[in-house]
Amino acid sequence: MAIAICPGSFDPATNGHLDIIQRSAQVFDEVIVAVGHNPGKKHLFTVEERITLLKQVIKEAHLHNVRVDHFSGLQVEFARAHKAQVIVKGLRAISDFEYEFQMALTNKHLAPEIETVFMMTANEYSFLSSSMVKEIVLFGGDPEGLVPPAVLGPLRKKTKAGVEDE
Ligand code: ADP
């Protein structure tokens, strides 16, 4: 039974995230989307809201072997606790590489039994990040086409006042 985790902030979940989650669900028996709690980081949605939205996104996409959870410690400890052998990361441009390379080697040092697997972004989402989506919304733009339908309504309701310290 190959279990993978897809960790991230998902603030909010984008079509780029969904693409990586869908592709992971085809490769692994079980996929756990792990929503990270990053104290001190500005956020648009609370962890609870992000989990609720991701659950809806996964339901809409009919991904029956995917579930959502949250973590606040090390990714490898979360993976171990859930008996996952693999951490899946999406890679966009060269800008993602250096950080992800460092993170993968650090995780390998901490937990040699866990593999990090990289999936190349889909061409149409290569520019897409949660921070870009947040900027669009905060400056009054419409994020249609960038996020799954379940995220669109709640995202449109957010205003500048909606960004809080965690
Ligand atoms: P972001 O970098 O957009 O704030 P997260 O920190 O939530 O997103 O990222 C979670 C995971 O999803 C990371 O592995 C990240 O590289 C990946 N990811 C995010 N956006 C995309 C995208 N557009 N294409 C491929 N992977 C992505």
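Residues numbered from 1 in each chain as written. Predicted model: local features only at pLDDT ≥ 70, side-chain atom pairs only at ≥ 80, totals over all residues. Heavy atoms only, no water.

Ranked by size, the top nonpolar core spans 36 residues in total, and within it Val-33, Leu-54, Leu-63, Val-66, Val-88 and Leu-155 carry the most contacts. Only β1 (3-8), α1 (15-27), β2 (30-36), α2 (47-60), β4 (66-71), β5 (86-91), α5 (130-138) and α6 (149-157) provide two or more residues apiece to this core. Tallying contributions element by element places α2 first for this core, with six residues. Leu-155 has contacts with Pro-12, Leu-44, Phe-45, Val-133, Val-137, Pro-143 and Val-147, leaving out every residue within four places of it along the chain. In this structure, Ile-3, Val-76, Ala-84 and Ile-114 belong to the second largest nonpolar core, which totals twelve residues. (Core = buried A, V, L, I, M, F, W, Y, C linked by side-chain atoms within 4.5 Å. Buried < 20%, exposed > 50% of the residue type's maximum accessible area, 1.4 Å probe, protein only. Helix = DSSP H or I, 4+ residues; strand = E, 2+ residues; numbered from the N terminus. Contact = heavy atoms within 4.5 Å.)

Side chains three or four residues apart in an α-helix point the same way, a direct result of the helix having 3.6 residues per turn. Taking 1.5 Å of rise per residue, 14 residues should cover 20 Å, and α2 covers 20 Å from first to last C-alpha, within 8% of that figure. Every buried residue of α2 is accounted for by Val-47, Arg-50, Ile-51, Leu-53, Leu-54, Val-57 and Ile-58. Along the long axis of α2, the arc covered by the buried residues comes to 170 degrees, so they all point the same way. Those residues of α2 that are exposed and angled more than 90 degrees off the buried face are Glu-48 and Lys-59. (Expected span 1.5 Å × (residues − 1). Arc of directions from axis to C-beta.)

Before going further, it helps to spend a moment on the packing of α2 against α6. Two measures define how a pair of helices packs: the angle their axes make with one another and the distance between the axes. Their axes nearest at 8 Å, the elements α2 and α6 cross at an angle of 145 degrees. When α2 is examined against α6, the residues Leu-53, Gln-56, Val-57 and Glu-60 are found in contact with a partner set consisting of Pro-149, Ala-150, Val-151 and Pro-154. For the contact of α2 with α6, the residue count by class is six nonpolar, one polar and one charged. (Axes fitted to C-alpha atoms, helices over the stretch in contact; angles between N-to-C directions. Nonpolar A, V, L, I, M, F, W, Y, C, P; charged D, E, K, R; others polar.)

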